[in-house]
Amino acid sequence: MQSATTTTPFYQLLLTFRPKLQTFQSKTQTLFYTPTMASVSEFRTRVKPLSALGNSSSSSSTVANDDGSVTLMEYMGKRGGIGVNDDLVILIDHIQYACKRIAALIASPFNYTIDMPSSGSDRDAPKPLDIISNEIILSSLQKSGKVAVMASEENDTPTWISDDGPYVVVTDPLDGSRNIDASIPTGTIFGIYKRLEELDDLPTEEKALLNSLQSGNRLIASGYVLYSSATILCITFGSGTHAFTLDRSTGDFILTNPSIKIPPRGQIYSVNDARYFDWPEGLRKYIDTVRQGKGKYPKKYSARYICSLVADLHRTLLYGGVAMNPRDHLRLVYEANPLSFIVEQAGGRGSDGKSRILSLQPVKLHQRLPLFLGSSEDMEELESYGDIQQKVNPGYEV
Ligand SMILES: O=P(O)(O)OC[C@H]1O[C@](O)(COP(=O)(O)O)[C@@H](O)[C@@H]1O
């Protein structure tokens, strides 16, 4: 019998893989077809107040379907009162489509048979699904017609897509992919900037790089998709952070957490605790203090660490506390900036331990840094310990 693991065609096949779920009916008809560049005015909604979500902070112009639901497309299509322009709606439609394909792939029983040439024993070396996810996102961005350049954690240099694309997309297509074989949550992270028109006359390589190195405070939207027991798309356009949960029966992302407010204080710290002896004094002291309930919040903190940034952040957004990786490991452009924007829009803070992430000017595309994200009061207390950036980074094996 021929082994499926040795045939290259299977990998090729996965690149064009589409889940066979023809019985699904999508309200917005976007799940298993590639969205075209339609105007948002073509999206129809059945209107009624959003009372079913019980969210008083939502805009009064937000409207829901008969069953009380609001899809991501409806929410952006002027229904959420957030005024996302048509080009951006089309772009997000393509990103969410790509993420649904990634979600289906991650859950596929055929993942185990994907075989690709290894690029070394490096723990950070890309896994097959990293590469496939990257291809899926690139292909969706190309089809959107709205992207000038994509900078991905998986590529050494940014990919120039189109001279007149209005947007720049930075992405980590599949974060935490080391977790996949054990079905532990993973995620996609993305950030969107406007194309810097003043750079249009520069050589392609140069303008691709400079467009991708924009400071986080220029982000116009960012988000993540969490692939877990539920597939959740969390997004900000600069007016609050909103989460949508994939309804697998229809293929729509449904608004489930409008205007998320991260609790000002949580009781959870999230960090790879095995690195304790490599931490600086300040960080050790902080963790020792809060785990004993001797901090400003007089309760003993709990530890949670999934080792999947999107999952650790999503929990932190909902429950509060701090999620951190104190060593130079996570990337400013693809991870720290988009996630800091999400956290700030939810009322929290994103820092490298000394400075606000969104104020940093990236100097290298794959620049790494310590990252601390979380509740405003917890972040303030943590930073007051001063010395919290881990300088020793031996490149851990596991
Ligand atoms: O080994 P550490 O320091 O705990 O780092 C774990 C972190 O690395 C990540 O796996 C990201 O690393 P990659 O970008 O190499 O996938 C995060 O999801 C996770 O939070």
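Residues numbered from 1 in each chain as written. Predicted model: local features only at pLDDT ≥ 70, side-chain atom pairs only at ≥ 80, totals over all residues. Heavy atoms only, no water.

Quick word on the overall build of the protein chain
At step 1: On a plain count of helices and strands, the protein chain comes out with nine helices and 13 strands.
At step 2: Scored against the burial criterion, the 398 residues of the protein chain give a buried share of 56%.
At step 3: As presented, the protein chain carries roughly 17,200 Å² of accessible surface, and 51% of it is formed by carbon and sulfur atoms. (Helix = DSSP H or I, 4+ residues; strand = E, 2+ residues; numbered from the N terminus. Buried < 20%, exposed > 50% of the residue type's maximum accessible area, 1.4 Å probe, protein only. Areas by Shrake-Rupley, 256 points an atom, 1.4 Å probe, with all protein chains shown as cover.)

Some remarks on helix α9 (residues 376-383)
At step 1: Taken residue by residue, α9 has D378, M379, E381, L382 and E383 as its buried positions.
At step 2: Where α9 is buried, its residues touch α6 (281-291), β11 (322-331), β12 (349-351) and β13 (368-374). (Contact = heavy atoms within 4.5 Å.)

Digging into the site of the ligand
At step 1: Around the ligand, the surrounding shell holds 17 residues, and the nearest of these are D175, R275, Y305, L309 and R327.
At step 2: One nitrogen or oxygen atom from the side chain of N325 is found 3.1 Å from an oxygen atom belonging to the ligand.
At step 3: Alone, the ligand offers 480 Å² of accessible surface; in the complex the protein occludes 95% of this.
At step 4: Looking at the shell around the ligand, the element that brings in the most residues is β11, giving four residues.
At step 5: There are two domains that each give the shell around the ligand at least three residues, and those are domain 1 (72-115 + 127-259) and domain 2 (268-384). (Near = heavy atom within 4 Å. Polar contact = N/O pair within 3.5 Å; in protein donor to acceptor, adjacent residues only side chain to side chain. Domains from an automatic or database assignment.)

Some remarks on the sheet that holds strand β10 (residues 302-303)
Strands belonging to one sheet form pairs held by backbone hydrogen bonds; the direction of such a pair is parallel or antiparallel.
At step 1: If you walk across this open sheet you meet the five strands as β10-β9-β11-β13-β12, and the pairing is mixed. Looking at the sheet topology across the chains shown, the edges are occupied by β10 and β12.
At step 2: Where β12 lies against β13, three bridges are found, and the strand directions are antiparallel. Note on β13: the bridge partner recorded for R349 is G374.
At step 3: Of the strands in this sheet, β11, β12 and β13 touch α9, which is tilted by about 30 degrees from β12. (Pairing = 2+ DSSP bridges. Axes fitted to C-alpha atoms, helices over the stretch in contact; angles between N-to-C directions.)

Points about helix α3 (residues 86-106)
At step 1: The end-to-end C-alpha separation of α3 is 30 Å, in line with the 30 Å expected for 21 residues at 1.5 Å each.
At step 2: For α3, the N-terminal cap is N85; the gap from its side-chain oxygen to the backbone nitrogen of D87 is 2.9 Å. (Expected span 1.5 Å × (residues − 1).)

Here's the deal with the UniProt feature "domain: Fructose-1-6-bisphosphatase class 1 C-terminal" (unreviewed entry) in the protein chain
At step 1: UniProt annotation of "domain: Fructose-1-6-bisphosphatase class 1 C-terminal" (unreviewed entry) refers to residues 262-385 when read in the numbering used here.
At step 2: Here residues 262-385 is 35% helix and 20% strand, with 22 Å between the C-alpha atoms at its ends. (UniProt positions renumbered as here; feature names shortened; annotations may be inferred.)

Topic: the pairing of β13
At step 1: Extensive coverage of β13 is indicated by the burial of six of its seven residues.
At step 2: Bridging between β11 and β13 involves six bridges; their strand directions are antiparallel. By the bridge assignment, A323 is partnered in β13 with L373.

Comments concerning the packing of aromatic side chains
For any pair of aromatic rings, the description rests on two quantities: the centre-to-centre distance and the angle between the ring planes.
At step 1: Taken as a whole and assessed by the stated rule, the structure comprises five aromatic pairs.
At step 2: Centre to centre, the rings of Y297 and Y301 are 6.3 Å apart; their planes meet at 80 degrees, and the pair counts as edge-to-face.
At step 3: Overall, Y297 belongs to the partly exposed group, its relative accessible area being 30%.
At step 4: Of the residues examined, Y301 reaches a relative accessible area of 7% and is grouped as buried.
At step 5: By way of ring pairs, the aromatic residues Y276, F277 and W279 are connected into one cluster.
At step 6: Between the NZ or CZ atom of R275 and the centre of the ring of Y396, over which it lies, the distance is 3.4 Å. (Phe/Tyr/Trp six-rings, centres within 6.5 Å; stacked < 30°, edge-to-face > 60°. Lys NZ or Arg CZ within 6 Å of the ring centre and 35° of its normal.)

Here we look at the domain arrangement of the protein chain
At step 1: One can read the domain layout of the protein chain as domain 1 (72-115 + 127-259) and domain 2 (268-384).
At step 2: If you average the C-alpha positions of domain 1 and of domain 2, the two centres end up 23 Å apart.
At step 3: At the junction of the two partners, domain 1 supplies 47 residues and domain 2 supplies 31 residues.
At step 4: At the boundary of domain 1 with domain 2, total buried surface from both sides reaches about 2,700 Å², with 64% on carbon and sulfur atoms.
At step 5: Contact with domain 2 buries area across many residues of domain 1, yet E153, L213 and Y224 alone supply 22% of it, more than any other trio.
At step 6: Put simply, E153 and R331 hold a salt bridge, and the shortest N to O gap is 3.5 Å. (Buried area = accessible area lost by both parts, 1.4 Å probe. Salt bridge = Lys/Arg side-chain N within 4 Å of Asp/Glu carboxyl O.)

Focus on the sheet that holds strand β3 (residues 167-175)
At step 1: If you walk across this open sheet you meet the eight strands as β2-β1-β3-β4-β5-β6-β7-β8, and the pairing is mixed. Edge positions in the open sheet fall to β2 (159-160) and β8 (252-257), since each of these has one partner strand only.
At step 2: Bridge analysis of strand β6 (residues 231-236) against strand β7 (residues 241-247) gives five bridges, and the strand direction is antiparallel. Directly across from I235, in β7, lies its bridge partner H242.
At step 3: Here helix α4 (residues 128-144) sits on the sheet in contact with β1 (147-152), β2, β3 and β4 (186-194), set at roughly 155 degrees to β3.

Concerning the confidence of the model for the protein chain
At step 1: Of the residues in the protein chain, 80% reach a pLDDT of 70 or more, and the chain-wide mean stands at 85.
At step 2: When the criterion is pLDDT under 50, residues 1-10 qualifies, and its contacts beyond four places in sequence or with other chains add up to eight contacts.
At step 3: The model gives residues 17-60 a pLDDT under 50, and that stretch makes 89 contacts with residues more than four places away or in other chains.
At step 4: Across the interface, the model reports ipTM at 0.95; the global pTM reads 0.85. (pLDDT = per-residue confidence, 0-100.)

Details of unusual backbone geometry
At step 1: The residue S183 is not glycine, and still its phi comes out positive at about 55 degrees.
At step 2: You can see S183 is positioned in the loop between β3 and β4.
At step 3: Positive phi, close to 70 degrees, is recorded for C307, a residue that is not glycine.
At step 4: Residue placement: C307 occurs in the loop between β10 and α7 (309-319).

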